[in-house]
Amino acid sequence: WQDAWWTGRRLAGGVVYELHVGTFTPEGTFDAAATRLEHLVSLGVTHVELLPVNAFNGTRNWGYDGVLWYAVQEEYGGPAAYQRFVDACHQAGLAVIQDVVYNHLGPSGNYLPLYGPYLGDERNTWGEVVQVREPEVRRYIIDNALYWLRDMHVDALRLDAVHALVDDADDHILEALTVAVASESAHQGRPLTLIAESDLNDPRLVTPREGGGYGLDAQWSDDYHHAIHVALTRETTGYYGDFEPLGALAKVMERGFFHDGTFSTFRDRDHGHPIDVERMPSWRLVVSAQNHDQIGNRAVGDRIVEALDDSQLLVAAMLLYAGPYTPMLFQGEEWAASSPFQFFTSPPEAELGRLTAEGRIAEFAAMGWDPDVVPDPQDPATFERSRLRWEELGSGRHATVLEGYRRLATLRREWAALTDPSLHANAVVVDEEARTLRLTRGGSLRVAGSSDAEAAPGTGPVDVLVNVGGAAWEAPVPLGATLLFATSADVALDDAAVHLPPGSGALVALPSR
């Protein structure tokens, strides 16, 4: 190890970048990924999140079919290359988040049940549930978390689908993980972070233990993704239906969750719980406009680049970088990558491979898709199509979008309002008919006692302006406002208003009050 000096990086104020090692570079290895870290730094990224790298049976997989939790997939370079990658990230000032899966084991090569009651009779979406109630299984999970954080020098764990963990113990497995990781963090003297992926919309996950919660540091919020996606693409099938009003985006900006006890038409029941916006810092929610699930679980793994123009793509980016929460980018979105991210598997058992492919195709055929266009997950070409094409970076729309991401990253560093964690300091105004939105961020971080003339640079309030309607919007702004960022060259500021064509957005620095 070469990172003895590394003291870690808190999630607050950070930017996460999610990548799949096998498709991130042409080589598909940790060593190749390490050569691209400066690119991530240019995007303002502070945390690199790796999709699961624990060993799976086969050569191609998203990683969620892992069966050896303490092993690193050899195709990526094995444990020695993983060590070099973590070292390289720390040398670049980047923290590492490892995605781990404790709710199920893959269907191929899973030998753990031969050694003990690791799996129970209950089932979730992916198969038999892991028996977290069993003391030794519980210890196996906690020790694995500590293995990544201690032995492999990882800075954070993303806990996959915690809603699928079945545990009725007084000390829930998530709380037990929190206690163990807090102890390890104190011993190492650096922040160690736990991030949950959860479908529950339950703030108890991130409420501190002394407040009656599990004490995790952060959780994903899919509601923010859904609201952005619907606002820009107008797609309203399935779970997107509830997010059709632009007011849905306004609500998640102000309240964190859209479904916070409201009726979910997709689930046909009330869903979620409200967040205490007066107390919970907004960085505890990790949000995205694209991620591996929301792309890869579409029939053909298509990105929103297929449906949106450059300005609209930059509106999505602006809502991440300038929004209230911790932004997460998915590999290649920063240059409008043309490669899809499709579902791919490679179990060596021919029958399992056939059933996986047939099940996938039948699932989407039932939704009206032509079976002939749904990629075969067993076909190596499905994996190859999903590799990023780095040669795109400097040309055409790819260069335009990349320049926008880098400008937004700079503004996020320069303007304190854009990382202000006070949810109650935000104000959102929506015109539902015109489909325009104004989010006013922060302004609460002024230097104490300073006059307007002495206000520290970058400490004033910022307006985030979005027009997803069909007509131009003349958004009024006060005299002295400054245009910081525009998603299109057609966006313009005059003395009293910002002109925003349809499908555009802008960041405007407001004069000190």
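Here, every reference points to the structure presented above.
## Description of the overall build of the chain
On a plain count of helices and strands, the chain comes out with 13 helices and 22 strands. At 23 Å, the chain has a C-alpha radius of gyration in line with the 24 Å of a compact globule built from 513 residues. Each principal axis of the C-alpha atoms in the chain carries an extent, and together these give about 75 × 55 × 45 Å. When the 513 residues of the chain are sorted by exposure, 58% land in the buried category. Relative to all contacts within the chain whose residues are 6 or more apart in sequence, the contacts with residues 24 or more apart total 71%. If you sum the accessible surface of the chain, you get close to 19800 Å²; carbon and sulfur atoms cover 51% of it. One way to put it: in the chain the 38 positive side-chain charges average out to a point 3 Å from where the 73 negative ones average out.

## Examining the sheet that holds strand β17 (residues 462–467)
Pairing within the open sheet is antiparallel, and its 5 strands lie in the order β15-β16-β17-β22-β19. Edge strands, defined here as strands with exactly one partner in the open sheet, are β15 (427–431) and β19 (482–486). Shown here is a sheet whose adjacent strand axes are inclined to one another by a mean of 20 degrees, direction ignored. Of the strand pairs in this sheet, strand β16 (residues 436–441) and β17 are connected by 6 bridges, and their pairing is antiparallel. Along β17, the bridge assignment pairs Thr 436 with Asn 467. Together, β19 and β22 (504–509) form the strand contacts of helix α13 (residues 396–414), whose direction differs from that of β19 by roughly 140 degrees.

## Comments concerning the pattern of salt bridges
A side chain with one charge may pair with a side chain of the opposite charge, provided their charged atoms come close. For the structure on display, the rule yields 23 salt bridges. The shortest N-O distance in the salt bridge between Arg 150 and Glu 184 comes to 3.6 Å. In this pair, Arg 150 is assigned in helix α5 (residues 135–151) and Glu 184 in helix α6 (residues 173–188), connecting sequence segments 34 residues apart. On the accessibility criterion, Arg 150 (39% relative accessible area) is partly exposed. For Glu 184, a relative accessible area of 9% translates into the label buried. For Arg 267, the salt bridge goes to Asp 199, with nearest N and O atoms at 2.9 Å. Here the residue Arg 267 occupies a position in the loop between β11 (262–264) and β12 (269–271), and Asp 199 occupies one in the loop between β9 (193–196) and β10 (218–220), the gap between them amounting to 68 residues. Judged by relative accessible area, which is 25%, Arg 267 ranks as partly exposed. Assessed through its relative accessible area of 33%, Asp 199 is described here as partly exposed. Residues joined in a network through salt bridges with shared partners are Asp 99, Arg 158, Asp 160 and Glu 197.

## What about the packing of helix α7 (residues 222–233) against helix α8 (residues 247–255)?
Where α7 meets α8, the closest approach of the two axes is 9 Å, and the angle between their N-to-C directions is 150 degrees. Comparing their axes, α8 and α7 come out roughly antiparallel. Here α7 runs over α8; the crossing is left-handed. Two secondary-structure elements touch here, α7 through Asp 223, Tyr 224, Ala 227, Ile 228 and Ala 231 and α8 through Ala 248, Leu 249, Val 252 and Met 253. Residues that form the contact of α7 with α8 fall into these classes: 8 nonpolar, no polar and 1 charged.

## Notes on the packing of α5 against α6
Interhelical geometry of α5 versus α6 gives an angle of 35 degrees and a closest axis separation of 10 Å. Read as a crossing pair, α5 and α6 show a hand that is right-handed. Residue-level inspection shows Arg 138, Ile 141, Ile 142, Ala 145, Leu 146, Leu 149 and Arg 150 of α5 in contact with α6, the latter providing Ile 173, Ala 176, Leu 177, Ala 180, Val 181, Glu 184 and Gln 188. Counted by class, the contact of α5 with α6 contains 10 nonpolar, 1 polar and 3 charged residues.

## Things to note about unusual backbone geometry
Positive phi, close to 40 degrees, is recorded for Ala 161, a residue that is not glycine. Structurally, the position occupied by Ala 161 is in the loop between β8 (156–159) and α6. Look at Ala 161 and you get buried, because its relative accessible area is 1%. Phi is positive for Arg 234, which is not a glycine, with a value near 65 degrees.

## Looking at the sheet that holds strand β14 (residues 326–330)
Spatially, 8 strands are ordered β1-β2-β5-β8-β9-β10-β13-β14 in a closed barrel, and the strand pairing comes out parallel. Put simply, the sheet's adjacent strands are angled 25 degrees from each other on average, direction ignored. Where strand β5 (residues 95–100) and β8 come together, 4 bridges link them in parallel fashion. In the strand pairing of β8, Val 100 is matched with Leu 159.

## A word on α5
For α5, with 17 residues, the first-to-last C-alpha span of 23 Å sits near the 24 Å given by 1.5 Å per residue. Along α5, the residues classified as buried are Val 137, Arg 138, Tyr 140, Ile 141, Ile 142, Asn 144, Ala 145, Leu 146, Tyr 147, Trp 148 and Leu 149. In this structure, the buried side of α5 is in contact with β4 (68–72), α4 (78–91), β5, β7 (127–130), β8 and α6.

## Description of α8
Three or more residues of α8 are buried, namely Ala 248, Leu 249, Ala 250, Val 252 and Met 253. Looking at the buried positions of α8, the neighbouring elements they touch are α7, α10 (310–321), β15 and β16. Where α8 ends, the next residue or the one after it, Gly 256, has phi of about 90 degrees, a positive value.

Analysis parameters
Within each chain, residue numbers correspond to sequence positions counted from 1 in written order. In keeping with the predicted nature of the model, local features appear solely for residues at pLDDT of at least 70, side-chain atom pairs appear and are counted solely at 80 or more, and the whole-chain, interface and lining totals rest on all residues. Only hydrogens and water are removed before side-chain values are computed, so all heavy atoms of the structure are retained for them. Strands here mean DSSP runs of E at least two residues long; helices mean DSSP runs of H or I at least four residues long; both are numbered from the N terminus. Taken over C-alpha atoms, the radius of gyration is set against a globule rule of 2.2 Å times the number of residues to the power 0.38. Any residue under 20% of the maximum accessible area for its type is buried, any over 50% is exposed, and the rest in between are partly exposed; the area is computed with a 1.4 Å probe on protein chains only. Note on definitions: a residue-residue contact is assigned when non-hydrogen atoms from the two residues lie within 4.5 Å. We get accessible surface area from the Shrake-Rupley algorithm with a probe of 1.4 Å; when it comes to residues, only the shown protein chains can shield them. Counted as positive: Lys and Arg. Counted as negative: Asp and Glu. His and the chain ends are not counted at all. One atom stands in for each charge, and that atom is NZ of Lys, CZ of Arg, CG of Asp or CD of Glu. A pair of strands is treated as paired once DSSP finds two or more bridges between them. Axes here refer to lines fitted to C-alpha atoms; in helices the fit is confined to the stretch in contact. Angles between the N-to-C directions go from 0 to 180 degrees. Between Lys or Arg on one side and Asp or Glu on the other, a salt bridge is scored when a side-chain nitrogen of the former is within 4 Å of a carboxyl oxygen of the latter. Angular relationships are summarised with four words: roughly parallel below 35 degrees, roughly antiparallel beyond 145, roughly perpendicular across 65 to 115, and oblique for the angles in between. By convention, the crossing between two helices is left-handed when the near helix turns anticlockwise from the far helix through less than a right angle, and right-handed when the turn is clockwise. Amino acids outside the nonpolar list (Ala, Val, Leu, Ile, Met, Phe, Trp, Tyr, Cys, Pro) and the charged list (Asp, Glu, Lys, Arg) are all regarded as polar, and Gly is one of them. Expected span of a helix: the number of residues minus one, times 1.5 Å.

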